[in-house]
Structures are given as C-alpha cells and as structure tokens.
Amino acid sequence: MKSDTKVIIVISLIVICLLGYIGYYAVDTYNQNKKETVALKAKTKKTTKKKTPKVEIIPKEEPKTYSEAFGKEVMIKVNDQEQVPFYILEEDDNTYTLISKNTLGTSSYYKSDDCDEITQSGCENITDELNITKFLQEKTQNWTNIGEIRIPNTQEIKNLITYQKASLYQNCSYWLLDDNTKDLAYYYDNNSRSILEDKVYNSHDVLVIIKVLKSYVS
C-alpha cells in the first residue's frame, strides 16, 4: 500500500510539472504572438499613413522697377545731322532703351499687292517678309548711330499699362510686335488705353524702340 502511494505521488508530481511546463509554454507563446501582432499593426499603420502633399511655394512677382530717368524726354543723335525725341524706358551703365515720342507714320502689318480690303480677297499673310519691317527699315535707314531698332512688343506696353506709366501713352494707336501674329495683329489703342487686335492689312501708327549708347543722348 505504501508502495502504491509513493507511485501515485510521483505520478502526481510529474503531471504537475508537465502542466506547469505546458502552461508556461502557452503563456510565452501568447505573449510572443501578441508582440508580433502589435508590431505588425504599427508597421501597417505607418505604411498606410497618408503622405502630406508637398506644397510648391511660388515666389511673389516683384513689381517692375524703373530707373529714376524713366519717362524723361531726351533728344537722340540718330546720325551726325539729325536729332529725334524719345522717352527713356530703361538704362544700364552704358546704354538707354527708349521709345519714340512721335510716330514714324502709318503702315499695315502685312500687305499683299492684290489685297482687296473691301471683299477681303487676296489679303492672306505674307509670312516671308513683314510689310511693317520694310516700313521701319525705310524710315530709319539713315539712323547710323543706333544699335537696335524695332517696334514695341506687347509685354513692354502691358508693363506701362499695369504700372500706370501714363507719361508714355502717346496720342496715337500703334502696332505692337508679337510672335503669334496670323490674321490678326496686336496694337495699342489710344482711345481705350488697352491692347487690342486688328486685321493685319489695316493701318496703324508705327512707334520705334531703340537701344543707344548714352554718349548719343543730349
């Protein structure tokens, strides 16, 4: 009987040890699984978090600045015998960029020899040579002291309108240079003080922009 009791006690101890080991293993496995689950959730949350969109900061355009000489009327020695009045637009150390005070005359932008302006037949663009360019060359062919001669471009006149430089609003409507000229061309309209479009075979005044050394300014 005592022998049986000892056996039972030994078996009981073995069972208790096994249950303890199994319990410890189960708890350890549960804790490990819990840690892995938490880590996975954290990783998933991090990868699915919305990225903050990158906002591009566009610098604010600074107002155009003009030199103190802007708008001043000066006489330019276009050649050794002739002087022509201009307004100063811009300057650097050695040169002035100026716009003519007076018109050189009137001209169409493009012109066809067979253009009938009443029926508008034959008035297609002559794209190989601008009529206004020929006009400008003829009117300034004796300006031997001038380095650059052209008509004003649209952006230059837009700047004058935007910044209300009224001293340069000549009393005429004149053509403007624009690279996209097709059937219509831009011109500055003196009545509305704005930039409009017109048929290229119509006529407007021609003002000129020049760039000249300061030594020719008086």
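For the structure itself, consult the block above.
Residues numbered from 1 in each chain as written. Predicted model: local features only at pLDDT ≥ 70, side-chain atom pairs only at ≥ 80, totals over all residues. Heavy atoms only, no water.

A. Examining helix 2 (residues 131-139) more closely. Turning to helix 2, its buried residues are Ile132, Phe135 and Leu136. What you see down the axis of helix 2 is that its buried residues fit within an arc of 95°, all on one side. (Buried < 20%, exposed > 50% of the residue type's maximum accessible area, 1.4 Å probe, protein only. Helix = DSSP H or I, 4+ residues; strand = E, 2+ residues; numbered from the N terminus. Arc of directions from axis to C-beta.)

B. Focus on the packing of aromatic side chains. Across all of its chains, the model carries four aromatic pairs by this definition. Both rings, one in phenylalanine 86 and one in tryptophan 143, keep their centres 6.1 Å apart while their planes meet at 75°; by these two values the pair is edge-to-face. Of this pair, phenylalanine 86 sits in strand 2 (residues 83-91) while tryptophan 143 sits in the loop between helix 2 and strand 5 (148-150), and the two are 57 residues apart along the sequence. One exposure class covers both phenylalanine 86 and tryptophan 143, and it is buried. Relative to tyrosine 187, the ring of tryptophan 175 lies with its centre 6.3 Å away and its plane at 75°, an arrangement referred to as edge-to-face. Of this pair, tryptophan 175 sits in strand 6 (residues 174-175) while tyrosine 187 is found in strand 7 (residues 184-189), placing the two residues 12 residues apart along the sequence. On the accessibility criterion, tyrosine 187 (10% relative accessible area) is buried. Taken together, Tyr109, Trp175 and Tyr187 form an aromatic cluster joined through their ring pairs. When the ring centre of tyrosine 96 is taken as origin, the NZ or CZ atom of lysine 214, which lies over that ring, is 5.0 Å away. (Phe/Tyr/Trp six-rings, centres within 6.5 Å; stacked < 30°, edge-to-face > 60°. Lys NZ or Arg CZ within 6 Å of the ring centre and 35° of its normal.)

C. A look at the pattern of salt bridges. All chains considered together, the criterion is met by four salt bridges. Of the charged contacts, one joins glutamate 73 and lysine 101 as a salt bridge, the two residues approaching to 3.2 Å between their closest N and O atoms. With glutamate 73 in strand 1 (residues 73-77) and lysine 101 in the loop between strand 3 (95-100) and strand 4 (106-108), the pair connects residues that are 28 residues apart, well separated along the chain. Taking the shortest distance from any N to any O, the salt bridge between glutamate 91 and lysine 214 comes out at 2.8 Å. Taken together, the residues glutamate 91 in strand 2 and lysine 214 in the segment after strand 10 (209-213) connect sequence positions 123 residues apart. You can call lysine 214 partly exposed: its relative accessible area is 26%. Connected through salt bridges with shared partners, the residues Glu148, Arg150 and Glu156 form a single ionic network. (Salt bridge = Lys/Arg side-chain N within 4 Å of Asp/Glu carboxyl O.)

D. Examining the sheet that holds strand 10 more closely. With antiparallel pairing, the five strands of this open sheet are ordered in space as 1-2-3-10-5. Of all the strands in the sheet, just strand 1 and strand 5 have a single pairing partner and so form its edges. Sheet twist, expressed as the average angle between the axes of neighbouring strands with direction ignored, equals 40°. Across five bridges, the pairing between strand 1 and strand 2 is antiparallel. (Pairing = 2+ DSSP bridges. Axes fitted to C-alpha atoms, helices over the stretch in contact; angles between N-to-C directions.)

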